[in-house]
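Survey of secondary and tertiary structure
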Amino acid sequence: MNLHELWSIFVMQGFAGISLFSVLLLMGLGLALIFGQMGVINMAHGEFMALGAYTTYFCSTLVQDHAPRLLPFYFPLAIVLAFVLSAALGAFVEWAMIRHLYKRPLDTLLASWGLSLIMQQTYRSIFGAREVTPTLPEWLMGSFKPTDAIDIPINGVFVLALALAVTGGLVIFMFRTPFGLRLRATVQNRAMSNAVGINTKLVDRLAFSIGCGIAGIAGAAFTTIGSTGPDSGSRYIVDAFLVVVFGGAANLLGSVASAFGIAQAQSILEFFLDGTKGKVATLLFIVVILMFRPQGLFPSKVRSS
Amino acid sequence: MLNVNEIHVGYGQSPVIRGMSFKAGKGEIVGIVGRNGMGKTTLFRSLIGMLPLKGGQITLDGVDISEDESFNRVGKGLAIVPQGRMIFPYLSVYENLISGARTPVSQEEVSEIYSLFPILREMKNRKGGNLSGGQQQQLAIGRALMTRPKVLLLDEPTEGIQPSIIKDIARTLKEIRDMRNLTIVVSEQVLSFMLDVCDRLFVIEKGALVREDLRSAVNAEEIRKMLSV
């Protein structure tokens, strides 16, 4: 193996790690808001991702059947629609179910697990048990070849760009808007937030809704790299929780660092071992770190009172 | 301005406030002094809506706010500086100040708070949880003032604060009252602070107001005896 080939492998493997990072990041971001900030264990989070994926599939089918000329343009609109539908359903779920269960984490866990089963069965009834794949626009297919030996898939670059855009949007939303400030205040002291004039119930609903909306965007993005089935959501949920807990539940930027760390570790280990062993080694590594730092990698610190 | 009429408050089956009534007029500083466990904090928590009433009525400017949630009471002109300050520890000083302010936030009002409490301007980017007790108390008062209240409630504002800061707080409260014609209801165990700031003084015992004095006619010795265990 000469130096040129080694460099190509290094670049491709590095991109594989970054690609996995963007997938994990998209999975974790919505949950970072719902679980990390609000403390709600939403076991149906994966099903909101699946809703985003099915929305994209639905848009693709609709465009293909009725306006094939719009095929190159529908995807960005499908992402917006995935966000809107998932956020709207999220707001409804918060109103109908979650708000009655705040401060009851085990009940929330069970109820949201039940919701995930209902959503899975609904997908099965509407779209069938088989996995589906939307027709992607031409510009999302193929790969980018800076040299003969390096092959970077365009869909991977797209998911990465989307993950970074959503992260940037969420950071601006959390740290530069009045609503983000109210959410951070509510997370720290709900009763006092109410007593300074913040409508905490509205904050809860909007935060849950936006978290679900981000899950919808993630689902739409994942249709570019894999197919969607009724139980696709359950494949995402473990990784999503892993990213948020490992990063430090209440720390948004911790989730970004956590997704990057997990993705790079897994990608490198998979190269030297194999897929399964690499994943096992990564999980073991996380378990050991959480034993010594149960608050995650980046806990927030202030002077103790 | 604030009219508290025969209110009853309790925890579960245990009554704490038993049929309490008092009024606080516009621009008046009313003090409620009493020993630990007499119901001061329970009274203040019920006034701001953190605890529900079991009976009675609270009106602000003639409007019944008894059933309102806390944030609605704040919107109608009530603000609280709670016991223990309860500032948001992970928000910066500036963020704490504007957390309950109406949007768009008026930078003039923020500057007004900074001129009342210059230390907050110096520490505006520091996390609230990293301030000293006295600085946190100033921040809590500033945060409450940013909601443009008609009535400001302060629950034991001198608790755990060094004497020099206590004097500053007393001076600032009178200044704020004069500037904004604000009604202030304050609870305390320390009589000297109350004699300094209050126009009218109530003594609370076992969830009821048992004595009312104007500052001009207050008998400090008698009240001290009532406050001693």
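All values reported here derive from a predicted model rather than from experimental measurement.

1. Some words on the pattern of salt bridges
Two side chains with opposite charge may pair up if their charged atoms get near one another. Within this structure, the stated rule accounts for 22 salt bridges over all chains. We note a salt bridge from R190 of chain A to D204 of chain A, for which the minimum N-O separation is 2.7 Å. On the criterion of sequence distance, the pair formed by R190 of chain A in helix α7 (residues 190–195) and D204 of chain A in helix α8 (residues 200–222) is long-range, its members being 14 residues apart. Owing to a relative accessible area of 4%, D204 of chain A belongs among the buried residues under this scheme. Via salt bridges that share partners, E28, R200 and E212 of chain B belong to a single interconnected network.

2. Remarks on the side chain of S258 of chain A
With respect to the helices and strands, S258 of chain A occurs in helix α10 (residues 252–272). Contacts of S258 of chain A, omitting those with residues within four sequence positions, involve L242, V243, F246 and G247 of chain A.

3. With respect to the interface of chain B and chain A
At the junction of the two partners, chain B supplies 26 residues and chain A supplies 21 residues. In this assembly, chain B packs against chain A so that about 2,100 Å² is buried in total across both faces, 62% of it on carbon and sulfur atoms. The three residues of chain B that bury the most area against chain A are F71, F88 and Y90 of chain B, which together make up 28% of that side's buried surface. Applying the counting criterion to the chain B and chain A interface returns two salt bridges. Put simply, E95 of chain B and R184 of chain A hold a salt bridge, and the shortest N to O gap is 2.9 Å. Put simply, chain B and chain A have four residue pairs in polar contact (both at pLDDT 80 or more) between them. At the level of secondary structure, the elements contributing two or more residues to the side of chain B that touches chain A comprise α2 (70–75) and α3 (93–98) of chain B. Sorting elements by how many residues they give to the side of chain B that touches chain A places α2 of chain B first, with three residues.

4. Re helix α9 (residues 232–247) of chain A
All names here are of chain A. With 16 residues, α9 should reach 22 Å at 1.5 Å per residue; the first-to-last C-alpha distance of 24 Å fits that figure. Turning to α9, the residues buried within the fold contact α1 (3–37), α2 (45–66), α8, α10 and α11 (275–292). One or two positions beyond α9, positive phi appears at G248, with a value near 105 degrees.

5. Comments concerning the packing of aromatic side chains
All names here are of chain A. With the rule as written, the count across this model stands at 13 aromatic pairs over all chains. Judged by centre distance (6.0 Å) and plane angle (75 degrees), the ring pair of Y57 and F127 falls under edge-to-face. Of this pair, Y57 sits in helix α2 while F127 is found in helix α4 (residues 105–127), placing the two residues 70 residues apart along the sequence. A relative accessible area of 23% places Y57 in the partly exposed class. Here F173 and F179 contribute two aromatic rings whose centre-to-centre distance is 5.3 Å and whose plane-to-plane angle is 35 degrees, an arrangement assigned as tilted.

6. Quick notes on the pairing of strand β10 (residues 208–214) of chain B
Each regular strand carries side chains that alternate between the two faces of the sheet. Residue and element names in this part refer to chain B. The pairing of strand β9 (residues 200–205) with β10 spans six bridges and is classified as antiparallel. Bridge pairing links V203 to R211 in β10. Where β9 folds back onto β10 in an antiparallel hairpin, the turn is made up of two residues, including K206, whose phi is positive at roughly 45 degrees.

7. Quick word on the packing of α1 of chain A against α9 of chain A
Residues and elements named next belong to chain A. For the pair α1 and α9, interaxial distance at closest approach is 8 Å and the crossing angle is 65 degrees. The orientation of α1 with respect to α9, classified from their angle, is roughly perpendicular. Crossing hand, α1 versus α9: right-handed. Facing L24, M27, G28, L31, A32, F35 and G36 of α1, the residues of α9 in contact are Y236, D239, A240, F241, V243, V244 and V245. Residue classes in the contact of α1 with α9 are distributed as eleven nonpolar, two polar and one charged.

Conventions adopted
Residues numbered from 1 in each chain as written. Chains lettered and ligands numbered in written order. Predicted model: local features only at pLDDT ≥ 70, side-chain atom pairs only at ≥ 80, totals over all residues. Heavy atoms only, no water. Salt bridge = Lys/Arg side-chain N within 4 Å of Asp/Glu carboxyl O. Helix = DSSP H or I, 4+ residues; strand = E, 2+ residues; numbered from the N terminus. Buried < 20%, exposed > 50% of the residue type's maximum accessible area, 1.4 Å probe, protein only. Contact = heavy atoms within 4.5 Å. Buried area = accessible area lost by both parts, 1.4 Å probe. Polar contact = N/O pair within 3.5 Å; in protein donor to acceptor, adjacent residues only side chain to side chain. Expected span 1.5 Å × (residues − 1). Phe/Tyr/Trp six-rings, centres within 6.5 Å; stacked < 30°, edge-to-face > 60°. Pairing = 2+ DSSP bridges. Axes fitted to C-alpha atoms, helices over the stretch in contact; angles between N-to-C directions. Parallel < 35°, antiparallel > 145°, perpendicular 65-115°, else oblique. Left-handed = near helix turned anticlockwise from the far one by under 90°. Nonpolar A, V, L, I, M, F, W, Y, C, P; charged D, E, K, R; others polar.

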